[in-house]
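If you want the building blocks of each chain, they are given just below.
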Amino acid sequence: MKEKEVYTVSDLHLFCRRSEAHRHMHGIHGAASKADIFVLNGDTFDFRWSCQGSTPETARKAIRWLEKFTARWPDCFFHFVLGNHDHVRVFIDELHDFAERTPNLAWHPYYVKVGDALFLHGDVANRRMTAVDLERYRETCLHRESRGEIVNTIYDVAFRARVHCAVTKFAFPTSVAVERIRHYLDDIGEGAGSDTAVVFFGHTHTAVDNYEFGGQRFFNGGAPMRGMDFNILNTKICA
Ligand SMILES: [Mn+2]
């Protein structure tokens, strides 16, 4: 068995103007250049807060971004895991077609397992959820239109005041997030007694480094936004 180099990022929130992902593109490409496998772990694109026009326009731009990214690194295999902000019908339809014609990309609505590592977006931490609960929750995201300019501007102001940081930390202490994720993992057979040793998640925008819970280790790279930590995470797997 050959050891494979795996890199992952979460919550780039591309097309949301509060995202600072552009500042990390050099590092992201650098990681992809070394990676055998690269996991985009949800909310890669932000349809809710898109500044790229309508939802179909944002979807087209997202596919174009993925096209360039995957074409630039043909020796790397990309896994695209959906998050709550990119679980949008028109995008999923285009993503499905794009994956069909792209040999080095696969997409996953909820999670992907690579060796003993499992990658999921982490919105199962909003409350205790089973697989069925997550499906139901994501259905509410499917036809969500992007927010208008006025709401976006109001949110920009709140964001500058760092309200988001307080809200994020209040809503998701790591112990609670991890316990809820584990509840979901148990439900899908990837928790207690499974061979999943390492779990990568995002969504909470809070960096988590090697938090041990019930025999599994949890990691979160954070998010590329002001006042938050952002890390490109790396693991090695035998596959
Ligand atoms: Mn999210």
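Look up a bit, the structure's there.
Nothing here was measured: the structure is a model prediction, and the numbers come from that model. Along each chain, numbering runs from 1 in the same order as the chain's sequence is written. Given that the model is predicted, a residue must reach a pLDDT of at least 70 before its local features are reported, and side-chain atom pairs must reach 80 or more before they are shown or counted; all residues, however, enter totals for whole chains, interfaces and linings.

### What to know about the nonpolar core
Next up, step 1: Any set of buried Ala, Val, Leu, Ile, Met, Phe, Trp, Tyr and Cys residues joined through C-beta atoms within 7 Å is what this text calls a nonpolar core. As a rule, residues whose C-beta atom has 12 or fewer other C-beta atoms within 10 Å are exposed, those with 20 or more are buried, and those in between are partly exposed; C-beta atoms are placed from the backbone. Within the largest apolar cluster, 51 residues are counted, with the highest numbers of intra-cluster contacts made by F38, V81, F119 and I181.
Next up, step 2: We count a stretch as a helix when DSSP gives it H or I for four or more residues in a row; a strand needs E for two or more, and each element gets its number in order from the N terminus. Residue contributions to this core peak at five residues, all from helix 7 (residues 174-187).
Next up, step 3: By definition, residue pairs are in contact when their C-beta atoms, positioned from the backbone, come within 7 Å. Those residues in contact with V81, other than ones at most four positions away along the chain, are V39, L40, N41, G42, H108, Y111, V112, F119, L120 and H121.

### Details of unusual backbone geometry
The bulk of non-glycine residues show a negative phi, and the bulk of peptide bonds are trans.
Next up, step 1: If you check the backbone angles, F15 has positive phi at about 80° while not being a glycine.
Next up, step 2: Within the secondary structure, F15 sits in the loop between strand 1 (3-9) and helix 1 (25-34).
Next up, step 3: Assessed through the 25 C-beta atoms surrounding it within 10 Å, F15 is described here as buried.
Next up, step 4: At H203, a residue that is not glycine, the phi angle is positive and equals roughly 75°.
Next up, step 5: Looking at where H203 falls in the secondary structure, it is placed in the loop between strand 7 (198-201) and strand 8 (208-213).

### A look at the sheet that holds strand 4 (residues 105-108)
Next up, step 1: If you walk across this open sheet you meet the five strands as 4-3-2-1-10, and the pairing is mixed. Bordering the open sheet on either side are strand 4 and strand 10 (233-238), each of which pairs with just one other strand. Neighbour to neighbour, the strand axes of the sheet diverge by 20° on average, direction disregarded.
Next up, step 2: We treat two strands as partners when DSSP finds at least two bridges between them. Across four bridges, the pairing between strand 3 (residues 77-81) and strand 4 is parallel. Axis lines are fitted through C-alpha atoms, for helices just across the contact stretch, and the angle between N-to-C directions can take any value from 0 to 180 degrees.

### Structural notes on the sheet that holds strand 9 (residues 216-220)
Next up, step 1: Pairing within the open sheet is mixed, and its five strands lie in the order 5-6-7-9-8. Of all the strands in the sheet, the pair left with one neighbour each is strand 5 (111-114) and strand 8. In this sheet, adjacent strand axes meet at a mean angle of 20° when their direction is disregarded.
Next up, step 2: With four bridges joining them, strand 5 and strand 6 (residues 117-120) adopt antiparallel strand pairing. If you follow Y111 over to strand 6, its bridge partner there is L120.
Next up, step 3: Lying on the sheet, helix 7 is in contact with strand 7, strand 8 and strand 9; it crosses strand 8 at an angle near 60°.

### Quick notes on the pairing of strand 6
Next up, step 1: By the alternation rule, side chains of strand 6 split into A117 and F119 and L118 and L120, which are all buried.
Next up, step 2: Between strand 5 and the antiparallel strand that follows it, strand 6, lie two residues; G115 among them carries a positive phi value of about 60°.
Next up, step 3: Judged from the three bridges that link them, strand 6 and strand 7 form a sheet pairing that is parallel. Each residue of the ladder has a partner; that of L118, found in strand 7, is V199.

### Details of the environment of L12
Next up, step 1: Inspection of the secondary structure assignment puts L12 in the loop between strand 1 and helix 1.
Next up, step 2: Under the C-beta neighbour-count criterion, L12 is labelled buried, with 29 such atoms within 10 Å.
Next up, step 3: L12 sits 218 residues away from F230 along the chain, and the two C-alpha atoms are 9.4 Å apart.
Next up, step 4: Setting aside its immediate chain neighbours within four residues, L12 contacts S19, A21, T44 and P224.

### Let's talk about helix 2 (residues 55-72)
Next up, step 1: To estimate how far a helix should reach, multiply one less than its number of residues by 1.5 Å. Given a rise of 1.5 Å per residue, 18 residues ought to cover 26 Å, and the 26 Å separating the end C-alpha atoms of helix 2 matches this to within 8%.
Next up, step 2: T58, A59, A62, L66, F69 and T70 are the residues of helix 2 that are buried. Seen from one end, helix 2 has its buried residues packed into an arc of 100°, which puts them on one side. Relative to its buried face, helix 2 has exposed residues pointing more than 90 degrees away, namely P56, R64, K68, A71 and R72.
Next up, step 3: Those residues of helix 2 that are buried are in contact with strand 3, helix 3 (89-100) and strand 4. When we speak of the arc, we mean the arc of directions from the helix axis to the C-beta atoms.

### A word on the packing of helix 2 against helix 3
Next up, step 1: Where helix 2 contacts helix 3, the axes come no closer than 9 Å and their chain directions differ by 30°. Viewed along their axes, helix 2 and helix 3 adopt a mutual orientation that is roughly parallel. For the crossing formed where helix 2 meets helix 3, the hand is right-handed. Judged by residue contacts, T55, P56, A59, A62, I63 and L66 of helix 2 engage V90, F91, E94, L95 and F98 from helix 3.
Next up, step 2: Of the residues in the contact of helix 2 with helix 3, the class split is nine nonpolar, one polar and one charged. The scheme is simple: roughly parallel for angles under 35 degrees, roughly antiparallel for over 145, roughly perpendicular for 65 to 115, oblique for anything else. What makes a crossing left-handed is the near helix being turned counterclockwise from the far one by less than a right angle; a clockwise turn instead makes it right-handed. Polarity classes work like this: nonpolar for Ala, Val, Leu, Ile, Met, Phe, Trp, Tyr, Cys and Pro, charged for Asp, Glu, Lys and Arg, and polar for all others, with Gly in that last group.

Note that every value here comes from positions in space, so none of it alone points to a role or purpose.
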